[in-house]
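A structural walkthrough
Listed below are the residues making up each chain.
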Amino acid sequence: MITKKNANKLQNAVIKENAANLVGAVKLYNALFANGADLKAICKALEIPAEYAVKVAALAKDKKRLVAVCSQMLPKVDNTFVKFALYSKVYKDTNADKGIEAKTADWCAENVIYGSEYKAFGFTTAESLENKKSTKWLVKETDEYKSTYVAVKIKSYSIRTVAKCVSEYLAHESNQQ
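Rules behind the numbers
Residues numbered from 1 in each chain as written. Predicted model: local features only at pLDDT ≥ 70, side-chain atom pairs only at ≥ 80, totals over all residues. Heavy atoms only, no water. Salt bridge = Lys/Arg side-chain N within 4 Å of Asp/Glu carboxyl O. Buried < 20%, exposed > 50% of the residue type's maximum accessible area, 1.4 Å probe, protein only. Pairing = 2+ DSSP bridges. Helix = DSSP H or I, 4+ residues; strand = E, 2+ residues; numbered from the N terminus. Core = buried A, V, L, I, M, F, W, Y, C linked by side-chain atoms within 4.5 Å. Contact = heavy atoms within 4.5 Å. Arc of directions from axis to C-beta. Axes fitted to C-alpha atoms, helices over the stretch in contact; angles between N-to-C directions. Left-handed = near helix turned anticlockwise from the far one by under 90°. Nonpolar A, V, L, I, M, F, W, Y, C, P; charged D, E, K, R; others polar.

Here we take up the pattern of salt bridges. For the structure shown, the criterion picks out one salt bridge. For Lys136, the salt bridge identified is with Glu127, shortest N-O distance 3.0 Å. Owing to a relative accessible area of 37%, Glu127 belongs among the partly exposed residues under this scheme.

As structure tokens, then:
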């Protein structure tokens, strides 16, 4: 007898396996976007030129090239793909008791990626970090608070991550015809 628990267990395992690395996420993207006819119908409904469907489908079909595109687009510290995690959030109103304290040294040791250079998302050139064992920090400040983010390894790749890379790649002037 098929149980809901085992069906969920199987589906969750497959999803987790495909999200564990970039190649798995590219396979999922390929399954959704490689059919040009389906994409053309969606483009028509959205009143978007059909050339978008052609370009997206062509890139989705070429998995090797798509992995290379994502590798080129994703942010990196040295050769590790990174995203930014909230490290701390401090409110400027001293009466506001809702700030987020800085992460612990143990958390940093387990999660923060260190290296000698950082490359931002997109068509960017790598920049040197302070020394050979540094990390990349981002600070965002508003009138209300100051948030600090730190580079951590991407542990789960999504179709949205691949889609963001594809959009950036196709929209870049070097790929315009």
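The antiparallel open sheet is built from six strands, whose spatial order is E4-E3-E1-E2-E6-E5. The open sheet has two edge strands, strand E4 (127-128) and strand E5 (137-141), and neither has a second partner. In the sheet, strand E3 (residues 117-119) pairs with E4 via two bridges, with the strands oriented antiparallel. Each residue of the ladder has a partner; that of Glu117, found in E4, is Ser128.

With that settled, consider the nonpolar core. If you look at the biggest cluster of nonpolar residues, it comprises 24 residues, and the most contacted ones within it are Leu22, Tyr29, Leu66, Tyr157 and Val162. Looking at this core, the elements with two or more residues in it are helix H2 (22-33), helix H3 (36-46), helix H4 (51-61), helix H5 (63-73) and helix H7 (159-171). Of all the elements, H4 adds the most residues to this core, at five residues. In this structure Tyr29 touches Ala34, Val56, Ala60, Leu66, Ile159, Val162, Ala163 and Val166, once residues within four positions along its chain are discounted.

Our next topic: H5. Within H5, the full set of buried residues consists of Leu66, Val69, Cys70 and Met73. The buried residues of H5 occupy one face: seen down the axis, they fall within an arc of 95 degrees. Along its buried surface, H5 packs onto H2, H4, E3 and H7.

Close contact between H3 and H4 brings their axes to 8 Å; oriented N to C, the two are set at 150 degrees. Between H3 and H4 lies a crossing whose hand is right-handed. For the pair H3 and H4, the contacting residues are Gly36, Leu39, Lys40 and Cys43 in the first and Tyr52, Ala53, Val54, Val56 and Ala57 in the second. Tallied by class, the residues present in the contact of H3 with H4 amount to seven nonpolar, one polar and one charged.

We now examine the pairing of E5. Both E5 and strand E6 (residues 145-153) contribute to a ladder of five bridges, which runs antiparallel. Looking across to E6, one finds that Val139 is bridged to Thr148. A loop of three residues connects E5 with E6, the two strands running antiparallel in sequence.

Looking now at the side chain of Asn111. Secondary-structure assignment places Asn111 in helix H6 (residues 105-111). For Asn111, a relative accessible area of 14% translates into the label buried. Among all residues touching Asn111, those that are not within four sequence positions of it are Ala151, Val152, Lys153 and Lys155.

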